[in-house]
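Chain by chain, the residues run as shown.
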Amino acid sequence: MARRVAVVAGGHSKFGKRFDATVRELSAEAFKPIVDEGITQDKIDASILSYAASQFSGQGAGSALIADYIGLQNRPHMRVESACTTGTASLRAAWGMVAAGLYDVMLVLGVEQMNRVSSAMATEYMSQAGDMRWEYPFGISFPAFYALMASRYMSEYGMTHDTLAKIAVKSHHYGAQNPKAHLPKEITFEEANNAVAICSPLNLYDCSLITDGAAAVVIASEDRVKEFTDRPMWIKGIGAGASEMMIQDRASLTSIPGAKYAANAAYKMAGVEPKDIKMAQVHDCFTIAELIAYEDLGFAEPGKGPELVENKENYHDGRIPVNCDGGLKSKGHPLGATGVSMTYEVMKQMRGEAENSSRQIDDVDLGLVHNVGQSGQFVNVFIFERGW
Amino acid sequence: MSEHKELYLGYSTDKAVTPFFQDFLEALEQEKLMKSKCTSCGAEYLPPRQHCQKCLSECTLTEMTEKEAKLYSYVVVEFAPMSLSSKQPYVVAIGEFPSGLRLTAHITNLMAMPEVGMPLRLGFEAKEKMVTYKWLV
């Protein structure tokens with residue numbers, strides 16, 4: 001029988017264009033609040049220190065550099081990579097090691113530095129995560145994959161860009177209240193609807209940001225949790241899934257098959273249903289991705305996501321609050337850090353520690369993280385339970 | 001190694017060419033689009049795979065006879081990856097043949113915004129070392 005595992009602490013760097021820092025300094029910034037809380041390096045048995053793409057920072061074997069820089073000498077570390085799900089893949093791997101009894105206490109730290117290259121070069125690197133033989137030669141950028149989903153969704157369900165604009169407005173509304181956010185500013189519906197085209201039908205405000213940042217959490221086995229906190233966040237359900245490599249090979253473009261698969265597995269392991277979830281952090285790398293997530297996670301029926309948006313059920317005081325930290329859209333999307341940042345935000349909300357009552361979700365006893373890599377080739381879903 | 005003509009698919013200069021892919025490129029230069037068929041279970045693939053996804057047996061290349069398709073989905077790429085920035089804007093489309101096989105390529109002769117469901121026809125282009133299939137409206 002696997003041991004129960006809880007998230008006991010977390011830290012988060014400022015997200016943004018961080019020309020004042022590289023992966024090492026960003027990692028230290030995310031780890032420092034954990035050390036300040038008393039979970040010092042000597043209490044960490046092992047770590048997973050991950051980033052998605054070494055091309056951005058140019059640093060190879062980065063976990064070695066980070067482990068050394070943040071003072072984890074002699075203790076085992078490694079990197080786990082799975083595109084934008086790198087953060088939750090690291091957490092999933094660490095959970096397994098702790099649940100199995102290999103280690104009691106582990107640090108999971110995700111980091112990415114993306115702004116040392118131009119936006120066009122960053123777009124180039126990310127397009128190389130498509131099929132290099134059959135997709136890359138046609139210049140299918142990352143937004144382009146999601147635009148292919150958006151065009152199809154619009155055609156099948158008659159959705160207009162208004163729905164996507166409303167999602168962007170919500171993200172920025174909450175990002176504006178998050179001091180760690182990359183782009184903490186409100187935007188209007190008109191701005192969101194009329195921004196410069198990036199990959200039509202997606203415009204600038206449909207796209208997440210190219211961000212530098214880091215986030216960290218510490219997990220511990222059930223018999224050690226009390227040493228660190230009286231407010232543990234239990235990992236109650238984990239599901240993972242995958243979708244076809246080439247987007248053209250998918251039976252549907254209005255859903256991410258691997259996300260449904262992952263969500264079902266997570267709900268089953270946790271023994272809960274979508275209606276039990278009090279908040280969700282979903283992978284809104286693009287507004288259309290957030291919309292599809294509502295449906296893949298069972299918060300709305302297929303094709304009914306736009307109604308959830310229209311009724312503002314996704315706001316902090318709505319039926320299913322989503323991304324009340326600004327999401328990837330406004331808080332930012334440093335690839336390897338994103339899944340860890342989502343986990344950190346659920347813990348913060350559960351503890352009632354949002355900076356501002358107008359983004360604090362009431363009484364979170366169950367929170368969900370939905371983290372998608374590439375255009376669905378990797379998916380992790382976590383369900384967390386309040387332990388106090 | 002035998003002498004092969006250096007060819008690239010589409011708008012990249014990826015040198016990861018295998019003998020199987022080289023045969024595909026040389027056929028494409030002759031304006032033949034090849035799919036692949038599993039020699040063991042008969043499964044068909046477009047774009048072609050050298051190994052069957054189901055039984056991992058070898059596949060052989062066989063010419064696509066379908067030339068007409070319908071637009072399954074599209075995107076207008078206004079902000080391109082660096083390697084294609086000189087071509088932006090361009091339209092990437094997934095076309096679906098009546099058999100259900102699909103192909104991802106640029107639509108190169110649009111005069112208005114594309115619409116899902118519109119008819120497409122298969123076209124070809126070759127220029128120096130570049131060869132490609134494309135969609136025409």
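Residues numbered from 1 in each chain as written. Chains lettered and ligands numbered in written order. Predicted model: local features only at pLDDT ≥ 70, side-chain atom pairs only at ≥ 80, totals over all residues. Heavy atoms only, no water.

(A) Representation of the sheet that holds strand S8 (residues 233-241) of chain A in the model. Residues and elements named next belong to chain A. Spatial strand order, S3-S2-S4-S7-S1-S8-S11-S10-S9: 9 strands in an open sheet with mixed pairing. Because the sheet does not close on itself, it has two edges, and the strands there are strand S3 (77-78) and strand S9 (279-281). Where S9 lies against strand S10 (residues 366-373), 3 bridges are found, and the strand directions are parallel. If you follow Gln-281 over to S10, its bridge partner there is Val-369. (Pairing = 2+ DSSP bridges. Helix = DSSP H or I, 4+ residues; strand = E, 2+ residues; numbered from the N terminus.)

(B) Local environment of the pattern of salt bridges. Residue and element names in this part refer to chain A. All told, the structure shown has 28 salt bridges over all chains when counted by the stated rule. With its nearest N and O atoms 3.8 Å apart, the salt bridge here joins Arg-4 to Glu-222. Here Arg-4 is found in the segment before strand S1 (5-12), whereas its partner Glu-222 is found in the loop between strand S7 (213-221) and S8, with 218 residues between them in sequence. With relative accessibility at 38%, the residue Glu-222 sits in the partly exposed group. The shortest N-O distance in the salt bridge between Asp-104 and Arg-224 comes to 3.1 Å. With Asp-104 in the loop between helix H4 (86-100) and strand S4 (105-112) and Arg-224 in the loop between S7 and S8, this pair connects stretches of sequence that are 120 residues apart. Salt bridges sharing partners connect three or more residues here, namely Arg-3, Asp-104, Asp-223, Arg-224 and Glu-227. (Salt bridge = Lys/Arg side-chain N within 4 Å of Asp/Glu carboxyl O. Buried < 20%, exposed > 50% of the residue type's maximum accessible area, 1.4 Å probe, protein only.)

(C) Representation of the pairing of strand S8 (residues 119-127) of chain B in the model. All names here are of chain B. As paired elements, strand S5 (residues 68-77) and S8 share 3 bridges and run antiparallel to each other. Within S8, the position partnered with Lys-70 by the bridge is Pro-119. Here S8 runs beside strand S9 (residues 130-136); their pairing, made up of 7 bridges, is antiparallel. Following the sheet pairing, Lys-127 is matched in S9 by Met-130. In this antiparallel pair of consecutive strands, S8 and S9, the connection spans 2 residues, and Glu-128 shows a positive phi of 50 degrees.

(D) Up close: helix H1 (residues 23-36) of chain A. Residues and elements named next belong to chain A. The end-to-end C-alpha separation of H1 is 20 Å, in line with the 20 Å expected for 14 residues at 1.5 Å each. Along H1, the helix axis deviates most sharply at Ala-30, where the bend reaches about 30 degrees; the proline Pro-33 sits within four residues downstream. If you follow the buried residues of H1, they end up packed against S1, helix H2 (54-57), helix H3 (62-69), S4 and S7. A positive backbone phi angle near 105 degrees is found at Gly-38, which sits one or two residues after H1. (Expected span 1.5 Å × (residues − 1). Bend = angle between axes of the 7 residues up to and from the residue. Contact = heavy atoms within 4.5 Å.)

(E) Quick look at the interface of chain A and chain B. Between chain A and chain B, the contact holds 35 residues from the first and 37 residues from the second. Together, A:Trp134, A:Phe138 and A:Gln248 form the three largest contributors to the area buried by chain A at its contact with chain B, with a combined 27%. Joining chain A to chain B, the criterion identifies 0 salt bridges. Counting the contacts that link chain A with chain B gives 20 residue pairs in polar contact (both at pLDDT 80 or more). Among the elements of the structure, helix H5 (119-127), helix H6 (142-157) and strand S5 (197-200) of chain A are those that each provide at least two residues to the side of chain A that touches chain B. For the side of chain A that touches chain B, the element with the most residues is H6(A), which contributes 7 residues. Grouping the amino acids of the side of chain A that touches chain B by side-chain chemistry returns 18 nonpolar, 11 polar and 6 charged. Where S5(A) meets S5(B), 2 bridges bridge the pair, whose relative direction is antiparallel. Paired with A:Ser200 across the two strands is B:Val76, which belongs to S5(B). (Buried area = accessible area lost by both parts, 1.4 Å probe. Polar contact = N/O pair within 3.5 Å; in protein donor to acceptor, adjacent residues only side chain to side chain. Nonpolar A, V, L, I, M, F, W, Y, C, P; charged D, E, K, R; others polar.)

(F) Structural view of the domain arrangement of chain B. Residues and elements named next belong to chain B. Taken as a whole, chain B is organised into domain 1 (8-63) and domain 2 (68-136). Measuring from the centre of the C-alpha atoms in domain 1 to the corresponding centre in domain 2 gives 19 Å. Listed by partner, the interface residues are 15 residues for domain 1 and 14 residues for domain 2. For the domain 1 and domain 2 pair, buried surface summed over both sides reaches about 1500 Å², with 71% attributable to carbon and sulfur atoms. Of all residues in domain 1, Tyr-8, Tyr-11 and Leu-46 bury the most surface against domain 2, accounting for 47% of the area lost on that side. Remark: the boundary between domain 1 and domain 2 carries 0 salt bridges. The tally of links from domain 1 across to domain 2 stands at 3 residue pairs in polar contact (both at pLDDT 80 or more). (Domains from an automatic or database assignment.)

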